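# Examination of the molecular architecture
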There are 2 protein chains.
Amino acid sequence: MDEIKNRIICPLDFAMKLIGTKWKPLVLFHLLEGPVRSGVLQKHLPDISNKMFTQTIRELEKDNLVERIVYPVVPPKVEYKLTKKGYSLENILKSLDAWGLEMMKT
Amino acid sequence: MDEIKNRIICPLDFAMKLIGTKWKPLVLFHLLEGPVRSGVLQKHLPDISNKMFTQTIRELEKDNLVERIVYPVVPPKVEYKLTKKGYSLENILKSLDAWGLEMMKT
DNA sequence: CAGTATCCGTGAAGATACTG
DNA sequence: CAGTATCTTCACGGATACTG
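The shown structure was predicted, so the numbers you read here are calculated from the model rather than taken from an experiment. (Residues numbered from 1 in each chain as written. Chains lettered and ligands numbered in written order. Predicted model: local features only at pLDDT ≥ 70, side-chain atom pairs only at ≥ 80, totals over all residues. Heavy atoms only, no water.)

Mapping chain A onto chain B leaves a residual RMSD of 0.1 Å; the transformation is a rotation of 180° accompanied by 0.0 Å of translation along its axis. In symmetry terms, the pair is related by a two-fold rotation axis. Of the residues that chain A buries at the interface, 100% are likewise interface residues in chain B, meaning the two copies contact each other through the same surface. (Least-squares fit on C-alpha atoms with pLDDT ≥ 70 in both. Contact = heavy atoms within 4.5 Å.)

With respect to spatial proximity, 18 residues lie near DNA strand C, and among them A:Ser38, A:Thr54, A:Arg68, A:Tyr80 and B:Lys51 are the closest. Within 4 Å of the protein, the atoms of DNA strand C are drawn from sugar and phosphate moieties in a proportion of 57%. At a separation of 2.8 Å, a phosphate oxygen of DNA strand C approaches a polar side-chain atom of A:Ser38. B:Lys22 is positioned with one of its side-chain polar atoms (N or O) 3.1 Å from a phosphate oxygen of DNA strand C. Those elements giving two or more residues to the surface near DNA strand C turn out to be α4 (38–43), α5 (50–62) and β3 (77–82) of chain A together with α5 (50–62) of chain B. A breakdown of the residues in the surface near DNA strand C according to their chemical character gives 7 nonpolar, 5 polar and 6 charged. (Near = heavy atom within 4 Å. Polar contact = N/O pair within 3.5 Å; in protein donor to acceptor, adjacent residues only side chain to side chain. Helix = DSSP H or I, 4+ residues; strand = E, 2+ residues; numbered from the N terminus. Nonpolar A, V, L, I, M, F, W, Y, C, P; charged D, E, K, R; others polar.)

As a further point, take the interface of chain A and chain B. Accessible area lost during the coming together of the parts is what is often quoted as the interface size. Facing 34 residues of chain A, the contacting portion of chain B comprises 34 residues. For the pair chain A and chain B, the summed buried area comes to about 3,000 Å², and 78% of that belongs to carbon and sulfur atoms. At the surface where chain A touches chain B, the tally comes to 0 salt bridges. Where chain A meets chain B, there are 6 residue pairs in polar contact (both at pLDDT 80 or more). Of all elements in the fold, only α1 (2–7), α2 (11–19), α3 (24–31) and α7 (90–105) of chain A reach the threshold of two or more residues within the side of chain A that touches chain B. Broken down by element, the side of chain A that touches chain B gets its largest block of residues, 10 residues, from α7(A). The residue makeup of the side of chain A that touches chain B, split by class, is 21 nonpolar, 7 polar and 6 charged. (Buried area = accessible area lost by both parts, 1.4 Å probe. Salt bridge = Lys/Arg side-chain N within 4 Å of Asp/Glu carboxyl O.)

All right, on to the environment of A:Leu89 then. By the element assignment, A:Leu89 lies in the loop between α6 (84–87) and α7. The spatial distance from the C-alpha of A:Leu89 to the C-alpha of A:Leu41 is 18 Å, given a sequence separation of 48 residues. Setting aside anything within four residues of it in sequence, one finds A:Leu89 in contact with A:Ile19, A:Leu28 and B:Trp99.

All names here are of chain A. Strand order across the open sheet formed by 3 strands is β1-β3-β2, with antiparallel pairing between neighbours. Of all the strands in the sheet, just β1 (36–37) and β2 (66–71) have a single pairing partner and so form its edges. Relative to β3, β1 runs antiparallel, the two sharing 2 bridges. Considered in β3, the bridge of arginine 37 is made with glutamate 79. This element, α3, spans β1, β2 and β3 of the sheet and lies at about 95° to β3. The strands touched by α5 within the sheet are β2 and β3, with β2 carrying the most contacts at an inclination of about 110°. (Pairing = 2+ DSSP bridges. Axes fitted to C-alpha atoms, helices over the stretch in contact; angles between N-to-C directions.)

Let us look at α5(A). Residues and elements named next belong to chain A. Look at α5: 18 Å from first C-alpha to last across 13 residues, which is about the 18 Å you get at 1.5 Å a residue. Buried within α5 are the following residues: Phe53, Thr56, Ile57 and Leu60. Around the axis of α5, the buried residues are gathered within 95° of arc, so they sit on the same side. Turned more than 90 degrees off the buried face of α5, the exposed positions are Lys51 and Lys62. Those residues of α5 that are buried are in contact with α2, α3, α4, β2 and β3. Positive phi shows up at asparagine 64, right after α5, with a value of about 60°. (Expected span 1.5 Å × (residues − 1). Buried < 20%, exposed > 50% of the residue type's maximum accessible area, 1.4 Å probe, protein only. Arc of directions from axis to C-beta.)

This is the structure:
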């Protein structure tokens, strides 16, 4: 019966599973601007380790929130961009950002 | 200089620090309905351990998102309710819930 | 430039038993 | 009924070194 119980999860819970980690919201937020090269994106997240960056972006890819574009050139060039699913978070991310700003004031 | 760097954090990051854990959004979401007794609230979160419930609610209290109301009776009666800060998350929580529902479909 | 591999510490989270 | 106290586990996340 545990299987059944595990299926009956709150949508909110499901949402947090997709974006409720340390770096995911930040990555998605920066991608709202448009496609960005891998290295540039990483520079925008000053304290992220290389490992966490790759891991985070891979999970976002797997969940179809981010798309990976590889240019067959040397040296390698890779860009990341939001998918439609990813963009559907735009308002939420901006609201959260605004809310965070309010909270920082008080 | 690390001190300075640590102060320059993204508001979104700050927001996730406040509510970006496994149970916090869920607890806040259930409290949108109004004040709830401790035991009842916990029942709404089927798979939460006693420890995590207390820990989660304590942190929300500390951050002034949730208020604790103790009735001096025997046996003990405790209620939790959202503060104004807590309620300011209403739209975001509902949006996230709706978004999660969409994601579950596809 | 972009990504992988490995090692390792810390803390999140669970299980259990207990108190006022 | 509400909450505390331990003990334990394990995955998150960081540092470093390496490949195509």
